[in-house]
Amino acid sequence: MTTSADFLSKLNHSQRCAVEHFCGPLLVIAGAGSGKTRALTYRIANLIIYNKVNPESILAVTFTNKAAKEMKDRLDKLLAQEISSKNYKQPFDSLSEFNQKKLLSFIYKKTTKQLWIGTFHSLCARILRYDINKYQDSKKRKWDRNFSIFDESDVQNILKNIILKQFNLDEKTFNPRAIRYAISSAKNLGLSPEEYLKEHSYSKGRVIAEIYDEYQTQLAENNALDFDDLILIPVCLFQDNKSVLGYWHSQFKHILVDEYQDTNRIQYTLIQLLTTNGKINKNSWNWKNRSIFVVGDADQSIYSFRMADFTILLNFQAEFGDGLPDDDTKTMIKLENNYRSTENILVAANNLIYKNSQRIDKTLKATRGKGEKIYCYKADDEHIEAEFVISKIQELISINSELSWKDIAFLYRVNSQSRPFEDILVRKSIPYTIVGGFKFYDRQEIKDSVAYLRLIVNPYDTVSLLRVINSPRRGIGKTTIDLLLKASQELKTSLWEILIDETSVKTLTGKSSKAVLNFVHMIKKLQEKSTELVSTDIFNQVMQKSGYIDDLKRKETEESDNRLENLQELYNAMNQYREENNDPSLQGYLTNASLASDLDNLENENNKVSLMTLHSAKGLEFPVVFLVGLEQGTLPHIRSLNNPLSLEEERRLCYVGITRAQEKLFITYARERSVWGSKETKIVSQFLEEIPQNLIDNHTNIIPEKSSWKKNNSMDNNTKWAVGDHLVHYSFGEGEVTHVLGSEKKVNLAIKFKNLGRKIIDPSTNSVTKIF
DNA sequence: AGATAACTACAGCCA
DNA sequence: GTAGTTATCT
């Protein structure tokens, strides 16, 4: 195998081993900032260029659509460099503009376009567009290739209807959200309604199984799938149908999975089926020209709420690999060199994550300078916190000419924490972008127009049909709709089939029938056109013919103007999709839209401060990071406080946050925070206390005299504390002092609480009251 | 049938 | 606080 030395010269030894891996299984344990994306990208390039692997036979699973896009872009650049130096004997940049363009379009056509790179969901949706007609479930439910993908609110609609209207159940005992979670979990374990029933034969479980069964029926009636089905159905199809599995097994010779620690059972089963062709006996696997290559870091596993299970990563060696110990194995490589952060940041991160019991030992090794201490700030409340953070970034920007807005990120636990930061950023006209959060596709006008498009592709999609049948208002009211729905239920046909029969509509609805028939006529016309027009043209037609645009224009309010702008933006997004993916089909766009979280398209080009949750921050890095809201109940999140395993996951989240920082890390927390409109006193996060104090510079705005506590609390601040004192903590309850740490000026207490074990608490924050 | 007022449950992270 | 739903009025 000849591999260009230049190509690999930018890699360290471990990275190079990973990149040069050709056949068989390989697990890459990649710590934060160890260059794992680089290893993945280089390996794909290496497979294509030097191992002459057909791009079509490479399946690369990323965690987000954005990561997929980035990987494709990086690959384009890398391939351009390599091919340029091979074929033209000069670097890509020195080629003429014409040759650059020619080369890039050649690479796109021959390579990047052929690759299967995407999330589990998008890749599975693509597989299902070919083969879903070959599947039927145990109750003979079937779907066709025009299936809709229902988002969470569509799913909630259906489930609420089943639970409250059809089954007449009590909302308290059968909370739709909880039921949704149960069904989703079942699907992620690969359980059908019947299998779920077997495992939950108690009374409530039986009802949930029935709801699940009815839910599947309704999905099938709508020719629709939810997110979980996108993965579950391919798995079921592969298990039922050996020839379909055989086809895809021989298609995908090299399978790569990024963020393997966040894979769940059903995703694992999918990978396993594709890799082994469903053969259970390890000795019968043929690794010739075939590989499974997974990259992950158990310390960054933060999706257990989505059924992610990092023991899958821990079991890779036993399931696929040689199972030998770390020093002898040929199927595992550890990347421990960190190229991202300064040493202080890494030491803090390492010390924090050591506190977890569930992990494989791994230490991030610094390759850069020591760096600055972590700047820690205690604010009086969340507004002061935001004031501090923003005045700090203004200060940093003004004294450091190299630094710009895009180098700065604010990371928080929950989306609602962004509010105070946004307010001040707006006031100070600092450009910012919120990653994730309120989603573009959740807006009413976007959902409406997407529903029109879904209906055109898939007329069985009754959820979309009901959404648009009377919006804009066209005189088809509740009574009319109820009559039609009742008829469709009695005749056991889809609503659309009732609607397209003119006589039925006339008999059923009398004087409203004209409006209904007009609507049906319009949709039919658009369906006919949809075969000849490109997606963007259909969109324009829909918006005009439906009267949606006119309706908004007539209103002339600020809100309607805004909606019109959003629709324009949707048009742009469709156009962009069409050009980038060379896919003029409406269905292609709709799949993309259902799976896209938000429009993070033109992000990097704009110089803006980034605001996002810790979950969204995974995989990113910033020179300056503000990790905000480090309080018990915020991070760690309140719902994890009484569960050791969730607490470990919160610690991993905090670890992810810390390791995003390249140069400077700021950690802030507030004494008091508004939650649901009412104020709550907070205490500092245990995670902050788990970081060695010598790495931290502490600051605060709180002057003891000013603290609001003084005004309405007679307890003085100078309580003398001694070992054996009994006290009450406002949230941990009763406890006993076991150690008094520090001296006169700054005392900390080690307190043994009744059921919670020992904690270290600062009594000057007045969170504790002495009893005796 | 549609608009408006009153009421309630609520927000944890995501493809 | 808000979003979404229900009750009441026109």
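Calculation notes
All residue numbers refer to position in the chain's written sequence, counted from 1. Chains and ligands are labelled sequentially in the order written, the chains with letters from A and the ligands with numbers from 1. Only residues with pLDDT of 70 or above have their local features reported here, since the model is predicted, and side-chain atom pairs are shown and tallied only from 80 upward, although totals for entire chains, interfaces and linings are computed over all residues. Only hydrogens and water are removed before side-chain values are computed, so all heavy atoms of the structure are retained for them. UniProt positions are given in the numbering used here, feature names are shortened, and annotations may be inferred rather than shown by experiment. Points on a 1 Å grid, built from protein atoms alone, make a cavity when a 1.4 Å probe fits but cannot get out and make a pocket when they are open with protein on both sides within 12 Å along at least 5 of 7 lines; residues with an atom within 4 Å of a point are the lining residues. Grid points are joined across faces, edges and corners, and a volume is the space filled by probe spheres set on the points. Secondary structure counts use DSSP, requiring at least four H or I residues in a row for a helix and at least two E residues in a row for a strand, with both numbered from the N terminus. For this classification, the nonpolar set comprises Ala, Val, Leu, Ile, Met, Phe, Trp, Tyr, Cys and Pro, the charged set comprises Asp, Glu, Lys and Arg, and every other residue, Gly included, is treated as polar. The domain limits used here are those given by an automatic or database domain assignment. Summary of the distance rule: residues count as near a molecule or strand when at least one heavy atom falls within 4 Å of that molecule or strand. Definition of a polar contact: a pair of N or O atoms within 3.5 Å, with one able to donate and the other able to accept a hydrogen when the atoms are protein atoms, and with sequence-neighbouring residues admitted only if both atoms are side-chain atoms. What makes a patch is a set of residues exposed beyond 30% relative accessible area and free of salt bridges, joined within 9 Å when like-charged and within 5 Å when nonpolar (Val, Leu, Ile, Met, Phe, Trp, Tyr). Using a 1.4 Å probe, accessible areas were evaluated by the Shrake-Rupley method; residue-level cover was limited to the displayed protein chains. Definition used for salt bridges: Asp or Glu carboxyl oxygen within 4 Å of a side-chain nitrogen of Lys or Arg. His is not counted here, nor are the chain ends, while Lys and Arg score as positive and Asp and Glu score as negative. One atom stands in for each charge, and that atom is NZ of Lys, CZ of Arg, CG of Asp or CD of Glu. The buried label goes to any residue with under 20% of its type's maximum accessible area, the exposed label to any with over 50%, and the partly exposed label to all in between, with areas taken from a 1.4 Å probe on protein chains only. Any two residues whose heavy atoms approach within 4.5 Å are treated as being in contact. A fitted line through C-alpha atoms serves as each axis, taken over the contacting stretch for helices, and the angle formed by two N-to-C directions is quoted from 0 to 180°. Here the angle decides the label: under 35 degrees means roughly parallel, over 145 means roughly antiparallel, 65 to 115 means roughly perpendicular, and every other value means oblique. By convention, the crossing between two helices is left-handed when the near helix turns anticlockwise from the far helix through less than a right angle, and right-handed when the turn is clockwise. Note on aromatic contacts: the rings of Phe and Tyr and the six-membered ring of Trp form a pair at centre separations within 6.5 Å, being stacked when their planes are under 30 degrees apart, edge-to-face when over 60 apart, and tilted otherwise. A positively charged side chain is recorded as over a ring if its NZ (Lys) or CZ (Arg) lies within 6 Å of the ring centre. The angle to the ring normal must also be within 35 degrees.

By the naming in an unreviewed UniProt entry, chain A is ATP-dependent DNA helicase, taken from Atelocyanobacterium thalassa. Checking UniProt for chain A, the heading Sequence similarities (unreviewed entry) contains the comment "Belongs to the helicase family. UvrD subfamily."

A.B. asks: Would you take a moment to explain empty space enclosed by the protein for this structure?
C.D. replies: Rolled over the atoms, a probe sized like a water molecule indicates the empty space that remains. In this structure the tally under the stated criterion is four cavities of 30 Å³ or more. Of all the secondary-structure elements, those providing two or more residues to the lining of the largest cavity are β4 (148-149), α19 (444-457) and α28 (586-595). With four residues, the top contributor of residues to the lining of the largest cavity is α28. Among the residues making up the lining of the largest cavity, the classes are represented as four nonpolar, five polar and two charged. By volume, the second largest cavity amounts to about 50 Å³. Elements with a contribution of two residues or more to the lining of the second largest cavity: β2 (58-61), α6 (120-131) and α13 (265-276). When residues in the lining of the second largest cavity are grouped by element, the largest group, four residues, is from α6. Of the residues contributing to the lining of the second largest cavity, the split by class is nine nonpolar, no polar and no charged.

A.B. asks: Could you clarify how one ought to interpret the domain arrangement of chain A in this entry?
C.D. replies: When the parts come together, some accessible area is lost, and that loss is often what is quoted as the size of the interface. Domain annotation for chain A reports domain 1 (13-121 + 239-335), domain 2 (148-222), domain 3 (365-439 + 600-697), domain 4 (443-581) and domain 5 (725-771). Inter-centroid distance (C-alpha atoms) of domain 1 to domain 5 is 51 Å.

A.B. asks: So what exactly am I meant to see when it comes to the protein's contact with DNA strand B here?
C.D. replies: Around DNA strand B, the surrounding shell holds 29 residues, and the nearest of these are Arg 306, Arg 413, Arg 473, Thr 479 and Arg 639. Of what DNA strand B places within 4 Å of the protein, 58% of the atoms are sugar or phosphate. Within the side chain of His 615, an N or O atom sits 3.3 Å from a base oxygen of DNA strand B. Contact between DNA strand B and Ser 616: a phosphate oxygen at 3.1 Å from a side-chain N or O atom of the residue. Put simply, the parts of the chain that give the surface near DNA strand B at least two residues each are α21 (478-491) and α29 (614-617).

A.B. asks: Sorry if this is basic, but what is going on with the UniProt feature "domain: UvrD-like helicase ATP-binding" (unreviewed entry) in chain A here?
C.D. replies: Here, the residues flagged by UniProt with the feature "domain: UvrD-like helicase ATP-binding" (unreviewed entry) are residues 9-342. Between the end C-alpha atoms of residues 9-342 there is a gap of 24 Å, over a span that is 51% helix and 10% strand.

A.B. asks: Looking at this structure, I do not really get a positive patch on the surface. What am I missing?
C.D. replies: On the surface, Lys 10, Arg 38, Arg 74 and Lys 77 cluster together into a positively charged patch. Among the secondary structure elements, Lys 10 is positioned in the loop between α1 (5-8) and α2 (13-20).

A.B. asks: How do you make sense of the side chain of Glu 422 when you look at a structure like this?
C.D. replies: Tracing the backbone through its elements, the reader meets Glu 422 in helix α18 (residues 418-427). Buried charged residue Glu 422 carries no salt bridge. Nearest counter-charge: Arg 419, at 5.4 Å. Among residues more than four places away in sequence, those in contact with Glu 422 are Tyr 432, Ile 434, Phe 438 and Leu 611.

A.B. asks: Can you help me understand the packing of α6 against helix α11 (residues 227-240) in this one?
C.D. replies: Direction vectors running N to C along α6 and α11 enclose 55 degrees, while the axes themselves pass 9 Å from each other. With respect to α11, the element α6 is oriented oblique. The crossing of α6 and α11 is left-handed. Residues Phe 120, His 121, Cys 124, Ala 125, Ile 127, Leu 128 and Asp 131 of α6 form the contact with α11, whose own contacting residues are Phe 227, Asp 229, Leu 230, Ile 231, Ile 233, Pro 234, Leu 237 and Phe 238. Partitioned by chemical class, the residues of the contact of α6 with α11 number 12 nonpolar, one polar and two charged.

A.B. asks: Teacher, can you tell me more about the packing of aromatic side chains here?
C.D. replies: Working definition: an aromatic ring pair is given by the centre-to-centre distance plus the angle between the planes. Across all of its chains, the model carries 21 aromatic pairs by this definition. Look at Phe 316 and Phe 320: their rings are 5.2 Å apart centre to centre, the planes differ by 40 degrees, and that puts the pair in the tilted class. Summarising the burial analysis for this pair, Phe 316 and Phe 320 share the class buried. An aromatic cluster is built from Tyr 375, Tyr 377, Phe 388, Phe 410, Phe 421, Phe 626 and Phe 666, whose rings are joined through pairwise contacts. The ring of Phe 63 carries the charged tip of Lys 618 above its face, separated from the ring centre by 4.2 Å.

A.B. asks: What is the right way to read the pattern of salt bridges from this model?
C.D. replies: Side chains that carry opposite charge are capable of pairing whenever their charged atoms lie near each other. Summed over all chains, the structure comprises 44 salt bridges. Across the pair Lys 36 and Asp 258 runs a salt bridge whose closest N-O atoms are separated by 3.0 Å. In this pair, Lys 36 is assigned in helix α3 (residues 36-49) and Asp 258 in the loop between β6 (254-257) and α13, connecting sequence segments 222 residues apart. Taking the relative accessible area as the measure of exposure, Asp 258 reaches 8% and is therefore buried. The partner of Lys 618 in a salt bridge is Glu 259, with the nearest N and O atoms 3.6 Å apart. With Lys 618 in the loop between α29 and β15 (622-627) and Glu 259 in the loop between β6 and α13, this pair connects stretches of sequence that are 359 residues apart. Owing to a relative accessible area of 9%, Glu 259 belongs among the buried residues under this scheme.

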